[in-house]
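Summary of the model geometry
Residues per chain, in single letters:
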Amino acid sequence: LSSAASDVYKRQTVDNRGFNLPAVPETVREDGVKIGNDFTADVQVRRAINLAIDRQEMIDHVLNGYGEVAYSVSDNMPWSSESMIIPYDVDKAEQILADGGWSDTDGDGIVEKDGQKAEFTVYYSASDSVRQALTAEFSNQMKAVGINVLYEGLGSWDELYAKMYSDPITWGWGSNSPVEDYQLYYTGGSCNFTGYSNEKTDELLDAALAATDMNESYRLWQQAQEDVGPDAEALWVWSVSYTHLTLPTIRL
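Presented here is a report on the structure given in the accompanying data block. These numbers come from a predicted model, not from an experiment.

1. Section: the overall build of the protein chain
Helices and strands together make up the secondary structure of the protein chain, namely eight helices and 10 strands. Against the compact-globule benchmark of 18 Å for 252 residues, the protein chain has a radius of gyration of 19 Å, which places it among compact chains. A principal-axis box enclosing the C-alpha atoms of the protein chain has dimensions of 70 × 50 × 40 Å. For the protein chain, the residues scored as buried account for 49% of the 252 residues in total. In the protein chain, the share of contacts with a sequence separation of at least 24, taken over all contacts with a separation of at least 6, comes to 73%. Here the protein chain has roughly 12100 Å² of accessible surface; of this, 46% comes from carbon and sulfur atoms.

Next comes the structure, spelled out in structure tokens:
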């Protein structure tokens, strides 16, 4: 065998994973579709969750070190925004929850507020073992701030799509186009699973799409992300971006 046969080629990607956090209270639309989540509708909860996730630990535990931390769908792209980057800070997350009225009143390790437990379920595709492991690791990490994250694998995407507006789901993203930001954050966007709607954000996204100067479009995409980032609306928890591994052709 060639000496190169044992080499592994590593390729960085924008193949990232994230969890949507529904940003509106639970209700049922006129068409019968359930939307919103009473727990994640609390913006302080969403900000605390983003602070309490150790992305590097997820890479080490789940991906055997082959990955990069992810803060958005646009990491390392010309239109990425530093406003999406957030440090790992459990102490700050705990303080945010405490300031928001969340406390462990019965000593069971789970914080609560007005009788509501800090608990929600994340769903994932049961056929994807990596998404399962990432979701389990996310659940483990949230215990440090008193949030109980249940998780369940569903057998079909039809089942997952039925929950996408009301519950966090472990999604996969990755594109060489900023249009993903439009789909995720525009009012009524095709992938706006959080229920977020903001006229200012919509105007910025529309302007970014209409811009005839590329650099100006990048600036507008970046500005729009400031409204949805972890220190603002904190609509998503981005976790990791895969490093794809390939083996070279073996020559005999």
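2. Brief notes about the pairing of strand β7 (residues 119–125)
Strand residues, when the strand is regular, have side chains that alternate between the two faces of the sheet. Across the seven residues of β7, six count as buried, placing the element largely inside the fold. Two elements, β7 and strand β8 (residues 148–154), share seven bridges in a ladder whose sense is parallel. Within β8, the residue paired with Tyr123 across the bridge is Glu152. With helix α4 (residues 129–142) bridging β7 and its parallel neighbour β8, the resulting β-α-β unit is right-handed.

3. Quick look at the packing of helix α7 (residues 199–210) against helix α8 (residues 214–228)
Running from N to C, α7 and α8 cross one another at 160°; their axes reach a closest spacing of 8 Å. Taken together, α7 and α8 sit at an angle that is classed as roughly antiparallel. The way α7 lies across α8 gives a crossing that is left-handed. The segment α7 lies against α8, with Lys200, Thr201, Leu204, Leu205, Ala207, Ala208 and Leu209 engaging Ser217, Leu220, Trp221, Gln223, Ala224, Asp227 and Val228. The residue makeup of the contact of α7 with α8, split by class, is nine nonpolar, three polar and two charged.

4. Quick look at α8
With 15 residues, α8 ought to run about 21 Å at 1.5 Å a step, and its terminal C-alpha atoms sit 22 Å apart, in line with that. Taken together, the buried positions of α8 are occupied by Ser217, Tyr218, Leu220, Trp221, Ala224, Gln225, Asp227 and Val228. The opening residue of α8 is Asp213, an N-cap whose side-chain oxygen sits 3.2 Å from the backbone nitrogen of Asn215.

5. Description of empty space enclosed by the protein
As enumerated under the stated definition, the model contains one cavity of 30 Å³ or more in all. Each pocket or cavity is described by its volume, and for the largest cavity that value is around 60 Å³. Lining of the largest cavity is provided by Asn50, Arg55, Tyr71, Met84, Ile86, Tyr185, Val228, Gly229, Pro230, Leu235, Trp236 and Trp238. Looking at the lining of the largest cavity, its residues break down into nine nonpolar, two polar and one charged.

6. Here we look at the nonpolar core
Ranked by size, the top nonpolar core spans 66 residues in total, and within it Ile49, Phe138, Ile147, Trp173, Tyr185, Trp236 and Trp238 carry the most contacts. Excluding residues that lie within four positions of it along the chain, Trp173 makes contacts with Val14, Asp15, Asn16, Arg17, Val73, Glu180, Leu184, Cys191, Phe193, Trp236 and Trp238.

7. Observations regarding the environment of Thr40
Here Thr40 lies in the loop between β3 (34–35) and α1 (43–51). Separated by 128 residues in the primary sequence, Thr40 and Pro168 have C-alpha atoms spaced 9.0 Å apart. Leaving out residues up to four positions away in the same chain, Thr40 has contacts with Leu21, Pro22, Ala23 and Arg46.

8. Section: the packing of aromatic side chains
The geometry of an aromatic ring pair is captured by the separation of the ring centres together with the interplanar angle, meaning the angle of the planes. This structure, assessed with the given rule, holds 14 aromatic pairs. Their ring planes at 40° and their centres at 6.3 Å tell us that Trp171 and Trp173 sit as a pair that is tilted. Residue Trp171 is classed as buried on the basis of its relative accessible area, which comes to 6%. The class of Trp173 is buried, set by a relative accessible area of 10%. The structure contains a cluster of three or more aromatic residues connected by ring pairs, namely Trp157, Tyr161, Tyr165, Trp171, Trp173, Phe193, Trp236 and Trp238. The positively charged end of Arg29 is found above the aromatic ring belonging to Tyr165, 5.5 Å away from the centroid.

Rules and cut-offs
Residues numbered from 1 in each chain as written. Predicted model: local features only at pLDDT ≥ 70, side-chain atom pairs only at ≥ 80, totals over all residues. Heavy atoms only, no water. Helix = DSSP H or I, 4+ residues; strand = E, 2+ residues; numbered from the N terminus. Rg over C-alpha atoms; globule rule 2.2 N^0.38 Å. Buried < 20%, exposed > 50% of the residue type's maximum accessible area, 1.4 Å probe, protein only. Contact = heavy atoms within 4.5 Å. Areas by Shrake-Rupley, 256 points an atom, 1.4 Å probe, with all protein chains shown as cover. Pairing = 2+ DSSP bridges. Right-handed = clockwise from strand over helix to strand, strands pointing away. Axes fitted to C-alpha atoms, helices over the stretch in contact; angles between N-to-C directions. Parallel < 35°, antiparallel > 145°, perpendicular 65-115°, else oblique. Left-handed = near helix turned anticlockwise from the far one by under 90°. Nonpolar A, V, L, I, M, F, W, Y, C, P; charged D, E, K, R; others polar. Expected span 1.5 Å × (residues − 1). Polar contact = N/O pair within 3.5 Å; in protein donor to acceptor, adjacent residues only side chain to side chain. 1 Å grid on protein atoms, 1.4 Å probe; cavity = no way out; pocket = protein on both sides within 12 Å on 5 of 7 lines; lining within 4 Å. Points joined across faces, edges and corners; volume = space filled by probe spheres on them. Core = buried A, V, L, I, M, F, W, Y, C linked by side-chain atoms within 4.5 Å. Phe/Tyr/Trp six-rings, centres within 6.5 Å; stacked < 30°, edge-to-face > 60°. Lys NZ or Arg CZ within 6 Å of the ring centre and 35° of its normal.

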